[in-house]
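Report on the structure
Now for the letters of each chain:
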Amino acid sequence: MRVSLLLAFLLPFQLLAQDPALERRVTSIAHELRCLVCQNQTLADSGAPLAVDLRNQIRTQLAAGKSEREVLDFMVARYGDFVLYRPPLKGSTLALWLGPFAFLVVGFYFLIRFVRRRRRPEPELSEAERARAAKLLQ
């Protein structure tokens, strides 16, 4: 009884997985979304259980007739711009886009300051200091 109930529940998912056009659409959308667990992988690349659930949710929505844009809008509404692997450029994501460049500029500034400090010429000795140094070396 339990096995047949489980098979009846999983059968629609098996039928959906057999549609290659649907799978291409799911994979296409999954490449545009970030795994919320791994954060450095797309949903398509991640094997995390949450990523599998989100891919199944994408598949279900596409099978229900929603467009790719509607699915992406749903994910953004639910998880925010962070779920997009390439977030849009707007006020709330400005730090994501400009942050690396700001760190690069600040790093170059400190590198230049460090190099300039190390290249200072040796101070010239006066005649009195030279005589005293010569006396100490003898």
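Residues numbered from 1 in each chain as written. Predicted model: local features only at pLDDT ≥ 70, side-chain atom pairs only at ≥ 80, totals over all residues. Heavy atoms only, no water.

This next bit is on the pattern of salt bridges. Taken as a whole and judged by the stated rule, the model has five salt bridges. For Arg59, the salt bridge identified is with Glu23, shortest N-O distance 2.7 Å. Placement of Arg59 in helix α3 (residues 49-63) and of Glu23 in helix α2 (residues 20-30) is noted, with a sequence separation of 36 residues between them. With a closest N to O distance of 2.8 Å, Asp81 and Lys90 form a salt bridge. Classification of Asp81 by relative accessible area gives buried; the value is 16%. On the accessibility criterion, Lys90 (41% relative accessible area) is partly exposed. (Salt bridge = Lys/Arg side-chain N within 4 Å of Asp/Glu carboxyl O. Helix = DSSP H or I, 4+ residues; strand = E, 2+ residues; numbered from the N terminus. Buried < 20%, exposed > 50% of the residue type's maximum accessible area, 1.4 Å probe, protein only.)

On to the packing of α2 against α3, then. Any two packed helices are characterised by how steeply their axes cross, that is the angle between the axes, and by the distance between the axes. Contact geometry for α2 and α3: axes closest at 10 Å, N-to-C directions at 130 degrees. Here α3 runs oblique to α2, going by the angle between their axes. Classified by chirality, the crossing of α3 by α2 is right-handed. Residue-level contacts link Leu22, Glu23, Arg25, Val26, Ile29 and Ala30 of α2 to Arg55, Ile58, Arg59, Leu62 and Ala63 of α3. Across the contact of α2 with α3, the residue classes tally to seven nonpolar, no polar and four charged. (Axes fitted to C-alpha atoms, helices over the stretch in contact; angles between N-to-C directions. Parallel < 35°, antiparallel > 145°, perpendicular 65-115°, else oblique. Left-handed = near helix turned anticlockwise from the far one by under 90°. Contact = heavy atoms within 4.5 Å. Nonpolar A, V, L, I, M, F, W, Y, C, P; charged D, E, K, R; others polar.)

Another aspect to go through is the nonpolar core. Among the nonpolar cores identified, the biggest contains 17 residues, and Ile29, Leu33, Leu43, Ile58, Leu62 and Met75 are the most heavily contacted of them. Among the secondary structure elements, those contributing two or more residues to this core are α2, α3 and α4 (68-79). Apart from the residues lying within four places of it in its own chain, the contact partners of Ile29 are Ile58, Leu62, Glu68, Val71 and Leu72. (Core = buried A, V, L, I, M, F, W, Y, C linked by side-chain atoms within 4.5 Å.)

Our focus in this paragraph is α4. Here α4 contains twelve residues, and its C-alpha end-to-end distance of 16 Å stays within 8% of the 16 Å for a straight helix at 1.5 Å per residue. Among the residues making up α4, those that are buried are Val71, Leu72 and Met75. One side of α4 holds all its buried residues, which, seen down the axis, span an arc of 95 degrees. Taken together, the buried residues of α4 touch α2 and α3. Gly80 sits one or two residues past α4 and shows a positive phi near 85 degrees. (Expected span 1.5 Å × (residues − 1). Arc of directions from axis to C-beta.)

To continue, consider the packing of α3 against α4. Viewed as axis vectors pointing N to C, α3 and α4 meet at an angle of 135 degrees, and their least axial separation amounts to 10 Å. With respect to their mutual orientation, α3 and α4 come out oblique. Both α3 and α4 take part in a crossing whose hand is right-handed. The segment α3 lies against α4, with Leu54, Gln57, Ile58, Gln61 and Leu62 engaging Glu68, Val71, Phe74, Met75, Arg78 and Tyr79. Tallied by class, residues from the contact of α3 with α4 come to seven nonpolar, two polar and two charged.

What follows concerns the packing of aromatic side chains. By the definition in use, this model includes one aromatic pair. One Lys or Arg, Arg34, reaches over the ring of Phe82 and ends 5.0 Å from the middle of that ring. The ring centre of Phe74 lies 5.7 Å from the NZ or CZ of Lys66, which sits over that ring. (Phe/Tyr/Trp six-rings, centres within 6.5 Å; stacked < 30°, edge-to-face > 60°. Lys NZ or Arg CZ within 6 Å of the ring centre and 35° of its normal.)

Of the residues making up α2, those classed as buried are Leu22, Val26, Ile29 and Ala30. The buried residues of α2 occupy one face: seen down the axis, they fall within an arc of 100 degrees. Exposed side of α2, more than 90 degrees from the buried face: Pro20 and Arg24 are the residues found there.

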